[in-house]
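Working through the structure, step by step
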Protein chains: 4
Amino acid sequence: MVLRRSQVAQMVESRWFSNTMLVVILINAAVLGWATYGGSAQPYLVVAERIVVGVFVVELALKLIAWRGGFFRDPWNWFDFFVVVISVIPATGPFSVLRILRVLRILRVITAVPQMRTIISALFRSMPGMGTVIGLLLVVVYTAAILGQQLFGDDVPQYFGDLGTTLYTLFTVMTTENWPDFADAVAEDHPLGWMFFVGYIVVTTFIVLNLVIGVIVTAMEQEVESGLWAEDQKLEAVQHEAVMAKLAELSEQVARLDRMVRDHGGDPDAGEPVGQGAGVAHDPVQPSNGSG
Amino acid sequence: MVLRRSQVAQMVESRWFSNTMLVVILINAAVLGWATYGGSAQPYLVVAERIVVGVFVVELALKLIAWRGGFFRDPWNWFDFFVVVISVIPATGPFSVLRILRVLRILRVITAVPQMRTIISALFRSMPGMGTVIGLLLVVVYTAAILGQQLFGDDVPQYFGDLGTTLYTLFTVMTTENWPDFADAVAEDHPLGWMFFVGYIVVTTFIVLNLVIGVIVTAMEQEVESGLWAEDQKLEAVQHEAVMAKLAELSEQVARLDRMVRDHGGDPDAGEPVGQGAGVAHDPVQPSNGSG
Amino acid sequence: MVLRRSQVAQMVESRWFSNTMLVVILINAAVLGWATYGGSAQPYLVVAERIVVGVFVVELALKLIAWRGGFFRDPWNWFDFFVVVISVIPATGPFSVLRILRVLRILRVITAVPQMRTIISALFRSMPGMGTVIGLLLVVVYTAAILGQQLFGDDVPQYFGDLGTTLYTLFTVMTTENWPDFADAVAEDHPLGWMFFVGYIVVTTFIVLNLVIGVIVTAMEQEVESGLWAEDQKLEAVQHEAVMAKLAELSEQVARLDRMVRDHGGDPDAGEPVGQGAGVAHDPVQPSNGSG
Amino acid sequence: MVLRRSQVAQMVESRWFSNTMLVVILINAAVLGWATYGGSAQPYLVVAERIVVGVFVVELALKLIAWRGGFFRDPWNWFDFFVVVISVIPATGPFSVLRILRVLRILRVITAVPQMRTIISALFRSMPGMGTVIGLLLVVVYTAAILGQQLFGDDVPQYFGDLGTTLYTLFTVMTTENWPDFADAVAEDHPLGWMFFVGYIVVTTFIVLNLVIGVIVTAMEQEVESGLWAEDQKLEAVQHEAVMAKLAELSEQVARLDRMVRDHGGDPDAGEPVGQGAGVAHDPVQPSNGSG
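Residues numbered from 1 in each chain as written. Chains lettered and ligands numbered in written order. Predicted model: local features only at pLDDT ≥ 70, side-chain atom pairs only at ≥ 80, totals over all residues. Heavy atoms only, no water.

1. A few points about the packing of helix α3 (residues 42-67) of chain C against helix α4 (residues 75-88) of chain C
Residues and elements named next belong to chain C. Between α3 and α4, the least distance of the axes is 10 Å, while the angle of their chain directions is 140°. Judged by the angle between their axes, α3 and α4 are oblique. Our pair here, α3 against α4, has a crossing hand that is left-handed. Residues Val53, Phe56, Val57, Leu60 and Trp67 of α3 lie in contact with α4, whose contacting residues are Asn77, Phe81, Val84, Ser87 and Val88. The class makeup of the residues in the contact of α3 with α4 is eight nonpolar, two polar and no charged. (Axes fitted to C-alpha atoms, helices over the stretch in contact; angles between N-to-C directions. Helix = DSSP H or I, 4+ residues; strand = E, 2+ residues; numbered from the N terminus. Parallel < 35°, antiparallel > 145°, perpendicular 65-115°, else oblique. Left-handed = near helix turned anticlockwise from the far one by under 90°. Contact = heavy atoms within 4.5 Å. Nonpolar A, V, L, I, M, F, W, Y, C, P; charged D, E, K, R; others polar.)

Structure below.
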């Protein structure tokens, strides 16, 4: 039994298995796309879809058999699990909702391609770094919305009627789309209304610019730090150690030499070795030398 | 008295206090937002607003008690002070103005969140760096405005009537919004008018591009210089000192060795001392050596 | 014969030859441009075009004579070959197609200017790096298209009728062009339709931003790695070797010194040799020393 | 005379002089701006303008007196010279032209502010680096224009009538402005026309992106290379020399030591000298040693 399970694990983790699943996912995507054209192919597409879902269920079952509880350690598996469950629930409940959630199956491409998983993870990791700037952007936009609604709300309700409308308007302005229309509508009653728009565009553009720059700089630094930098630091350390080792060896040689010299023309008070802090007393050998 | 003041300071500087204030600020923002929808909730919102202002006043009072004059050393406090004062002034003067300045209270989020304060400071610091490029941009836009007004002012007054109108038109063109409309309006009387717009778009885009690049490069350099760079420099210095110390020790050893050798079996031509730290007295052995 | 071929090769590879061809290519481009104005010049332009094609054929022939099979090793030559062949085929087949493919001749500027070839190669090399992010972008857009078609397909067929239409609409939205029009059209039946557009714009912008950043970071790193970095690594290596060499020399000196000392005044406990390269025979001097 | 000239030079190069001129230039700009509003101030503005021009002439004269030929070594001075000459020529020729060239006087701000001169120079220097990519962009746009004119010229003459019109249309598309309108106009007769626009937008965006990245990377590298890099290289060199010097000293010490040892207690097999710089004559002491 254990053996069979290990075999399943082996198969599930094999290259061809994941590739096959990727193909199935892409077929499913194509089917969903084709289905948007309706026409006579519809019934066949429905069948195809059923088959795809069946394959997904089998895949899920195999993975559960292979990894058991381990399956749920990976959040990506949670996503796959959720998507498949959604697909098999009979569409008796609110139909449109389930039909719509089918599109999530296309996103399984991301879970099926490791590189994409990496990128998504990277995106989520880079989030906190941008958090403050995005927060600042939201504060500014919100403040501008309240301000705009109070200034123009009564005269231009279609754009500045309430908070929601104004936020939508300001989002549109942030994409620099149709903002002159809003500005003109406002200008009729507020000759200085242009200041609001110009100021808003300049400030938000400036913040967004800083957001982008921040991200680039952070990314660069991490890249450098983890990559070339560490490498260089290591190299320098290695070289440094090599030099220090060689020097230690040398001083060892010299110390030994000095020991020898002392022993051969031995002086009693040469107890302490040479190296640091070795003051040399007057030479006792001399007299014995005079003998003869 | 001093004690009670220190207690106040402790409280004012405590984590929970600032968090509470942040919550109050956010509530205030929500209230202002809700108020834009008018409706029956209005009176309650007015009450809520009064309460919020009250809290702000208390906070201000506590901080003034705690820090006294020190309170005004931080420009951010000036901002808070100004905002609160605005809020408590009875709205007898030009009403709309005061109602509008209420939105500044939302910006207190920035003073309440340290990270945001940091970013804002960073933005202001990065200003001078961009100053020249922005100045250049303004000069170019201003020149283009004068030029455009002189060229098209008479024929297309709605866009190039006077300096103000033209500047507004050119700002719109800079956001690449509706510029073909202006160009078409001009084209009727000026077949070569397109050159003005194309040239203007190319030049301003180019300057803005250089502005962005400049900011990125500067940011990167500061980042690197303050971070990895300094670190690396320090490391290299440490390693260097280690090597030099080891070398000094070695030469000390050798010098001593040489002193010993000379003392014990002196040679005639060893008049000059060896290296540093090798003070050698004249050799007494030599004569006795000649004996016999 | 070999000689004449080498002469041809020399000529074909000469500076003036490539420059001449560049001029011809530019003339051809000018002719094609002029031809768009039709008018009485048409017949002359046709002649000019014929001449240009003739020159291209001659160039091709010369290169084939000069390099023979080697000619087809460079993909750029394949492009040139294809372009010329297209030009000489009599336009009896579907005329418009051939007339249209004539424009490819303009792109010969790229094959004629080395720097441009370099850039194009760089672009293609940088492709794989961006591959995953672009893939992610496509997945997101495709999913959004399926979703949009299912949500709004029935009510706004002109924008979300089927997959193709929806993809085109979403591409337009990605250029932030006219998206409010789509949003308004949708808003009539779907009050929450704005969420789809805002979400789509935010997500795609975010992915594109990450794409750009990724490219910049990668480019920077390669630049640094290949350029300054390697240089620095080399310098450090050179310096390191110099130090190590010097140290080896020193230890060699010391070792020899020590050999000498032992030989001359042998000490009993000097059993172990000193440093490397200091093999010491038993001391012959000693006995003579004991004499007296 | 020489003295007075040196005085003039001193004045012309003084801080207050350039500042005064800057003020005059700004006044001139303000006057030109005010003039666009016409009205009763006109005559006074004309007078003000005359005065400004007068000041410029005086400035020019002083500089010519001070620097003589040297004045024309700086291209910026050429610009100032040209601008002033333009201003003094009686507007008898084509009037509008001269009135228009007056705006160039505003650009004198750039020549008056050193930082701006620096930036402009930097822009021009960075040009060649981008040259190839810009060239590539032009080739692509030109090719697309020829292609577009051939494909849609007959059916949509208002946008693709001839080369000029098409180039203008494609420039507009590149600013992603109104491109859907062009696409719709084309779509009537060319159901696949969207491919042309989508392809064009993608390709040009891609090239522009690479242009930006290229500029950033180059700028960064120069920045780093000239700044931190050189500094680091220098530091490393200094440290390296220190170590090598110390090592040389050491080996000198050892060499001397070895000379001494050989001299004093000579061993037969110590024929070869130790290290460099240790030339040792055969030992004279030895015989005397054997005595007794």
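2. Some remarks on the interface of chain A and chain B
Listed by partner, the interface residues are 69 residues for chain A and 57 residues for chain B. Of the roughly 5,700 Å² buried between chain A and chain B, counting both surfaces, carbon and sulfur atoms make up 73%. Inspection of the region where chain A meets chain B yields zero salt bridges. Looking at the side of chain A that touches chain B, the elements that each hand over two or more residues are α7 (114-152), α9 (163-174), α10 (179-187), α11 (193-264) and α12 (285-290) of chain A. No other element matches α11 of chain A, which puts 33 residues into the side of chain A that touches chain B. In terms of residue class, the side of chain A that touches chain B is made up of 37 nonpolar, 21 polar and eleven charged. (Buried area = accessible area lost by both parts, 1.4 Å probe. Salt bridge = Lys/Arg side-chain N within 4 Å of Asp/Glu carboxyl O.)

3. Concerning the pattern of salt bridges
Within the structure shown, the criterion is met by 20 salt bridges over all chains. Put simply, Asp80 of chain A and Arg108 of chain A hold a salt bridge, and the shortest N to O gap is 3.4 Å. Taken together, the positions of Asp80 of chain A in helix α4 (residues 75-88) and Arg108 of chain A in helix α6 (residues 108-112) put the pair 28 residues apart, joining distant regions of the chain. Each of the two residues, Asp80 of chain A as well as Arg108 of chain A, counts as buried. Residue Glu49 of chain B pairs with Arg102 of chain B through a salt bridge whose shortest N-O separation is 2.8 Å. (Buried < 20%, exposed > 50% of the residue type's maximum accessible area, 1.4 Å probe, protein only.)

4. Some remarks on the relation of the copies chain A and chain B
Least-squares fitting of chain A to chain B yields an RMSD of 0.3 Å, with the transformation described by 0.1 Å of translation along the axis and a rotation of 90°. Viewed as a symmetry operation, the transformation between the two copies matches a four-fold axis. (Least-squares fit on C-alpha atoms with pLDDT ≥ 70 in both.)

5. Some thoughts on the side chain of Thr36 of chain A
Among the structural elements, Thr36 of chain A can be located in the loop between α2 (15-35) and α3 (42-67). Given the relative accessible area of 10%, Thr36 of chain A is considered buried. Excluding anything up to four places from it in sequence, Thr36 of chain A contacts Ile146, Gln149, Gly161, Asp162 and Leu163 of chain C.

6. Section: the domain arrangement of chain A
Residue and element names in this part refer to chain A. The assigned domain composition of chain A is domain 1 (5-112) and domain 2 (114-268). Of note, the centres of domain 1 and domain 2, computed from C-alpha atoms alone, are 37 Å apart. Counting residues at the interface gives five residues for domain 1 and five residues for domain 2. Around 460 Å² of area is buried between domain 1 and domain 2 when both sides are counted, 69% of it from carbon and sulfur atoms. Run the count over domain 1 and domain 2 and you get zero salt bridges. Linking domain 1 with domain 2 are one residue pair in polar contact (both at pLDDT 80 or more), by the criterion used here. In terms of residue count, the dominant contributor to the side of domain 1 that touches domain 2 is α6 (four residues). Per-class residue counts for the side of domain 1 that touches domain 2 are four nonpolar, one polar and no charged. (Domains from an automatic or database assignment. Polar contact = N/O pair within 3.5 Å; in protein donor to acceptor, adjacent residues only side chain to side chain.)

7. A look at the nonpolar core
In this structure, Phe197 of chain A, Phe197 of chain B, Leu136 and Phe197 of chain C together with Phe197 of chain D are the most contacted members of the largest nonpolar core, which totals 248 residues. Beyond its immediate sequence surroundings of up to four residues, Leu136 of chain C is in contact with Ile110, Met116, Ile119, Ile120 and Leu123 of chain A together with Ile207 of chain C. The next biggest cluster of nonpolar side chains, apart from the first, holds 28 residues, and it includes Leu257 and Val261 of chain A together with Val254 and Val261 of chain C. (Core = buried A, V, L, I, M, F, W, Y, C linked by side-chain atoms within 4.5 Å.)

8. Regarding the confidence of the model for chain A
Residue and element names in this part refer to chain A. Predicted confidence across chain A gives a mean pLDDT of 80, with 84% of residues reaching 70 or more. Of all helices and strands in chain A, the one with the weakest mean pLDDT is α12 (38), whereas α9 scores best (92). With pLDDT under 50 throughout, residues 266-292 is counted as low confidence; its partners more than four residues away or in other chains account for 36 contacts. Scoring of the predicted complex yields 0.79 for pTM and 0.77 for ipTM. (pLDDT = per-residue confidence, 0-100.)

9. With respect to the packing of aromatic side chains
As enumerated under the stated definition, the model contains 64 aromatic pairs over all chains in all. Judged by centre distance (6.5 Å) and plane angle (25°), the rings of Trp179 of chain C and Phe197 of chain C are stacked. Highlighted residues: Trp179 of chain C in helix α10 (residues 179-187) and Phe197 of chain C in helix α11 (residues 193-264), separated in sequence by 18 residues. Three or more aromatic residues joined by ring pairs make a cluster, and in this case those are Phe152, Phe160, Trp179, Phe196, Phe197 and Tyr200 of chain A together with Tyr168 and Phe171 of chain B. Here the guanidinium or amino end of Arg108 of chain C rests over the ring plane of Phe56 of chain C, the centre of that ring lying 4.6 Å away. (Phe/Tyr/Trp six-rings, centres within 6.5 Å; stacked < 30°, edge-to-face > 60°. Lys NZ or Arg CZ within 6 Å of the ring centre and 35° of its normal.)

10. Regarding a nonpolar patch on the surface
There is a patch of nonpolar side chains on the surface, built from Val57, Val85, Val88 and Ile89 of chain A and spanning about 270 Å² of accessible area. Note on placement: Val57 of chain A falls in helix α3. (Patch = residues over 30% accessible without salt bridge, like charges linked within 9 Å, V, L, I, M, F, W, Y side chains within 5 Å. Areas by Shrake-Rupley, 256 points an atom, 1.4 Å probe, with all protein chains shown as cover.)

11. Considerations on the environment of Phe72 of chain A
Residues and elements named next belong to chain A. With respect to the helices and strands, the residue Phe72 is situated in the loop between α3 and α4. The class of Phe72 is partly exposed, set by a relative accessible area of 27%. Sequence spacing of Phe72 and Pro128 is 56 residues, and the spatial spacing of their C-alpha atoms is 25 Å. Among residues more than four places away in sequence, those in contact with Phe72 are Leu64, Trp78 and Phe81.

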